[in-house]
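So the chains spell out like this:
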Amino acid sequence: MGGYTVLYRGSLKSCNYHCSYCPFSKRSGGDRDVLNRELRNDRKQWFSFVKMLLERVEATNIRALMVTPYGEAMIHPWYWEGLAQLSRHDGIDAAGAQTNASFSIEPFFELFQKAGGKPEKLRLWATFHPEMTSVSAFAEKCTRLWELGVQLCAGAVGAPENMELLKQLRKELPEGIYLWINRMDGMRRAYTPKETSGFAEIDPYFYRELLPHPANEKECAGRMFLEADGRIRTCNIAPVQKRGLKEVPVWETLPAPVCGRKRCSCYLAYGGRDNLMNQALFGPYPLFRIPRRPKAVFFDIMGTLVSDADASDRISAETVAGLSSLKKEGAVLLFATTLPYGEAVRRCRSVRSLFCGGIFAAGAHLFLEKDGKTREYFYYLDDVCLSFLKPLERKYGCRILTLKNGGRCYKITLLRAHRKPWREKEARELFDALPEEIRNGMRYLIEDNCLQMVSAYADKAGGVKKLCEWLCVSPEETYAAGDSAEDVKMMELCGSRTKDR
Ligand code: SF4
């Protein structure tokens, strides 16, 4: 996660649209005085929230803010001004809002820039309301914003009767703008296979919308949903934890997550969880729903694709759906593992067909199969090292296993009983006992009861560089995910820790 994300909902409840299914559309036609009072109040609360947040960016590590109003916020100048103030703070990476995109672009954009706003940090989540605007008018608006350098997603509720309209919208939007489809609530029936595949054709991530997403508050530590009246929740559907604004002066960290739900039932809930697929698909601030779209993705296996605790090697349905979406979007999927090729493929058999090879044996074996062609590379070890390691087997209570290609060794494992994991001190001692010229050509890593030895030139970051060369892409255009020290350099090289898109 790049930093924490806060969702803000003001007291605004009015909207300039009158969609038949929306309770807030009715309010805009009500008493003028009441409405004006509501707007004045909303403006005041919004600016006080912006001020409070700006004072606490460093202390709280909040780096992204999205307005999720009940009504329409972006037709009001104060939201543009506030977002501009937030975006010009160095510590804020992204600031945006959900909108119906009905605002007049040029004057508001000018206002945003005059207030010092940074368009590259502005994020919009534009929802298409077919009752209120045409496909072409909405697509034109989104295209204009895109041309101005605003990052945005567009989307609509997946009402089956709107299928053809939404297909048309997909055609009229620039390819770079992701068009999401939300599962329709209250349909009282499941989508037919034809409807499902129709929506999945429009939205490559639509299958994620149909998954159950069991709640897991452990993935919600870096988020908060804040309402203007001071109520704080972990996400939009979690229970109210406390009244916050009155406590602003002592509000230095985000409260610990409190869930109380069985399922994360909508994108604003499941899409903001800090997990593998949200990060891989939508970057460090996935709630904005703007895809990362990497050209290639490197996945560590144990502890990343497959839970370390899961003896069955089961890859979760959410991960499988995410991998399929990435593949559909044209990303080349690659393993990046300390496991040998055969073991990696066995553990990931359910998704093997989505992958084009990868980095195996801690970087000592690289393999790529693409467009009917294969490429392979090994970093070999000097066979003579085995003669120095053999006499140490008894002393360290281990057994030597080797991985070979064409008779040449590229990985050595010093295997012990499960109850006897290697400690760094003894691994170092064993390694230092080898002659210097052997040590210079090798490196070691500990994986519980296995002490692994590979060429000093072999690691995952080096593997990424070579595979990127083979694929003619830059590491900057890729993403990598892993959970151990072996993955750190690879993830830094791929920009996975810092880049938004
Ligand atoms: S319901 Fe909300 S708090 Fe609970 S796990 Fe889902 S996203 Fe997190």
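Residues numbered from 1 in each chain as written. Predicted model: local features only at pLDDT ≥ 70, side-chain atom pairs only at ≥ 80, totals over all residues.

A. Broad picture of the overall build of the protein. If you tally the helices and strands in the protein, you get 17 helices and 19 strands. Principal axes of the C-alpha set define a box for the protein whose edges measure 90 × 55 × 45 Å. The buried share of the protein, reckoned over its 501 residues, is 41%. The long-range share in the protein, meaning contacts at least 24 apart out of those at least 6 apart in sequence, stands at 70%. (Helix = DSSP H or I, 4+ residues; strand = E, 2+ residues; numbered from the N terminus. Buried ≥ 20, exposed ≤ 12 C-beta atoms within 10 Å, placed from the backbone. Contact = placed C-beta atoms within 7 Å.)

B. Representation of the sheet that holds strand β17 (residues 442-447). What the 4 strands build is an open sheet, ordered β15-β16-β18-β17; its pairing is antiparallel. With one partner strand each, in any of the chains shown, β15 (399-405) and β17 form the two edges of the open sheet. Taken pair by pair, the neighbouring strands of this sheet meet at an average axis angle of 25°, ignoring direction. Here β15 pairs with strand β16 (residues 408-415) via 7 bridges, running antiparallel. Bridging across to β16, Leu403 finds its partner in Lys411. (Pairing = 2+ DSSP bridges. Axes fitted to C-alpha atoms, helices over the stretch in contact; angles between N-to-C directions.)

C. Structural view of the domain arrangement of the protein. Domains assigned within the protein are domain 1 (4-270), domain 2 (292-379 + 459-493) and domain 3 (384-455). Of the residues lining the interface, 10 residues belong to domain 2; the matching set on domain 3 comes to 9 residues. Within the side of domain 2 that touches domain 3, the residues separate by chemical class into 6 nonpolar, 3 polar and 1 charged. (Domains from an automatic or database assignment. Nonpolar A, V, L, I, M, F, W, Y, C, P; charged D, E, K, R; others polar.)

D. The arrangement of the site of the ligand in detail. Lining the immediate surroundings of the ligand are 14 residues, of which Ala215, Cys220, Cys235, Cys259 and Cys264 lie closest. Of the residues that constitute the shell around the ligand, the class distribution is 9 nonpolar, 2 polar and 3 charged. (Near = placed C-beta within 6 Å.)

E. Structural view of unusual backbone geometry. The residue Arg289 is not glycine, and still its phi comes out positive at about 65°. Looking at the element boundaries, Arg289 is found in the loop between α9 (276-282) and β10 (296-299). Using a count of 22 C-beta atoms within 10 Å as the deciding quantity, one classes Arg289 as buried. The residue Asp371 is not glycine, and still its phi comes out positive at about 50°. Relative to the helices and strands, Asp371 is located in the loop between β13 (365-370) and β14 (373-378).

F. Fine view of the nonpolar core. If you look at the biggest cluster of nonpolar residues, it comprises 128 residues, and the most contacted ones within it are Cys142, Leu152, Val297, Phe298 and Leu334. Contact partners of Leu334, with chain neighbours within four places excluded, come to Ala296, Val297, Phe298, Phe355, Cys356, Gly357, Gly358, Ile359 and Leu467. (Core = buried A, V, L, I, M, F, W, Y, C linked by C-beta atoms within 7 Å.)

G. Structural detail: helix α16 (residues 460-471). In a regular helix each residue adds 1.5 Å, so 12 residues correspond to 16 Å; α16 covers 16 Å between its end C-alpha atoms and thus fits that length. Within α16, the full set of buried residues consists of Lys460, Ala461, Gly463, Val464, Leu467 and Cys468. The buried side chains of α16 occupy one side of the element, clustering within an arc of 150° when seen end-on. Immediately downstream of α16, the backbone of Cys472 shows phi near 60°, a positive value. (Expected span 1.5 Å × (residues − 1). Arc of directions from axis to C-beta.)

H. Spotlight on the packing of helix α1 (residues 32-60) against helix α2 (residues 77-87). The N-to-C vectors of α1 and α2 enclose an angle of 0°; their axes lie 10 Å apart at closest approach. Compared by their axis directions, α1 and α2 come out roughly parallel. The segment α1 lies against α2, with Arg43, Trp46, Phe47, Val50, Leu53 and Leu54 engaging Trp78, Tyr79, Gly82, Gln85 and Leu86. Of the residues contributing to the contact of α1 with α2, the split by class is 8 nonpolar, 2 polar and 1 charged. (Parallel < 35°, antiparallel > 145°, perpendicular 65-115°, else oblique.)

I. Broad picture of the sheet that holds strand β11 (residues 332-336). The sheet built from 6 strands is open, its strands ordered β14-β13-β12-β11-β10-β19 with mixed pairing. The sheet is open, and its two edges are formed by β14 and β19 (478-481), each paired on a single side. Here the strands of the sheet are splayed against their neighbours by 15° on average, with no regard to which way each runs. Of the pairings in the sheet, the one linking β10 to β11 comprises 4 bridges and is parallel in character.

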